[in-house]
Amino acid sequence: MTLVPAKAGTVVSGVQLPEQAPMNAGNAGKQRAAHAALEYVEHGSILGVGTGSTVNHFIDALAKLRGSLRGAVSSSLASTARLEALGIEVMDLNHAGPLDLYVDGADEATRDRYLVKGGGAALTREKIVAAASKRFVCIIDDSKLVPILGRFPLPVEVIPMARSYVAREIVGRGGQPVWREQCVTDNGNQILDVHGLEILDPPSLERDLNQIAGIVTVGLFAQRPADLLVIGNEKGVTVVGP
Ligand code: 5RP
């Protein structure tokens, strides 16, 4: 089978969005959701921080709380650089212990708080920090809320030598994998973006894909979904929780 290279302009790990992106409805929603998430941050805590443009708004807003934070555990080199530029200490998860709170964005979310993540190629560290956190608050603009996951191609991080094998396994399951050719993850691995999926049972697909040798992480966050979805739009913020 042929793996189609990803189009130019695909998000590459470590690439920052422009500082001053034009403000559109999606951006306003991201910003509102990011600001609303500040209320979940506890004084004196070590905070888990995700990756992406929505999280960049959150990190910028964190500046005013920096004196009351013990530090942060970051899910990517890009977020680490942004946190450190604000004077927030970034700690190794091995030294931080269990975290109370993880704040991250998503590429798609359902009202059951199942997520597709990995558009920024940081899915593996994101899944680790989410797993190590008691509470996961996911911040999105309302364009990300969908009835069924799968319109956004599902990112899968693979060990480089396994890429074609994993792609064949995914084709056998009805997906169309596209190699994100210019992308090397922070862990030195590669990404397949799987198109053509209608994910009716996210926990079971996550479990199934996790069994394929060579897959490091599937960008489905279903076995450990978000605990709260904070959804922003131009008008305000809605919170979806259990
Ligand atoms: C990075 C992610 C991001 O959370 C996801 O891509 C959303 O990004 P943005 O906030 O820029 O829309 O999973 O790996």
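The rules behind each value
Residues numbered from 1 in each chain as written. Predicted model: local features only at pLDDT ≥ 70, side-chain atom pairs only at ≥ 80, totals over all residues. Heavy atoms only, no water. Pairing = 2+ DSSP bridges. Helix = DSSP H or I, 4+ residues; strand = E, 2+ residues; numbered from the N terminus. Near = heavy atom within 4 Å. Polar contact = N/O pair within 3.5 Å; in protein donor to acceptor, adjacent residues only side chain to side chain. Areas by Shrake-Rupley, 256 points an atom, 1.4 Å probe, with all protein chains shown as cover. Nonpolar A, V, L, I, M, F, W, Y, C, P; charged D, E, K, R; others polar. Buried < 20%, exposed > 50% of the residue type's maximum accessible area, 1.4 Å probe, protein only. Phe/Tyr/Trp six-rings, centres within 6.5 Å; stacked < 30°, edge-to-face > 60°.

1. Here we look at the sheet that holds strand β5 (residues 108-109)
Within the open sheet, the three strands sit side by side as β5-β6-β12. Their pairing is antiparallel. Pairing within the sheet leaves two strands with one partner each, and these edge strands are β5 and β12 (220-221). By the bridge criterion, two bridges tie β5 to strand β6 (residues 115-116) in an arrangement that is antiparallel. Following the sheet pairing, Ala109 is matched in β6 by Leu115.

2. So, the site of the ligand
Near the ligand there are 17 residues, and of these Ser53, Thr54, Asp107, Gly118 and Lys144 occur at the shortest range. Between an oxygen atom of the ligand and a main-chain N or O atom of Ala121, the distance comes to 3.5 Å. Protein coverage of the free-state accessible area of the ligand, which is 380 Å², stands at 91%. Its residues assigned to classes, the shell around the ligand shows three nonpolar, eight polar and six charged.

3. A look at the pairing of strand β7 (residues 133-141)
Successive side chains on a regular strand alternate, one facing one side of the sheet and the next facing the other. The element β7 is largely enclosed, with a buried count of seven among its nine residues. As paired strands, β7 and strand β13 (residues 228-232) are joined by five bridges and run parallel to one another. Bridged to Asp141 within β13 is Gly232.

4. Quick notes on the packing of aromatic side chains
Counted according to the given criterion, the structure contains two aromatic pairs. For the ring pair Tyr102 and Phe136, a centre distance of 5.1 Å and an interplane angle of 50° mean the geometry is tilted. One end of the pair, Tyr102, is in strand β4 (residues 99-104); the other, Phe136, is in strand β7, and 34 residues separate them in sequence. Take Tyr102: its relative accessible area is 0%, and that puts it in the buried class. Residue Phe136 is classed as buried on the basis of its relative accessible area, which comes to 0%. Judged by centre distance (6.5 Å) and plane angle (65°), the rings of Phe136 and Phe221 are edge-to-face. On the criterion of sequence distance, the pair formed by Phe136 in strand β7 and Phe221 in strand β12 is long-range, its members being 85 residues apart.

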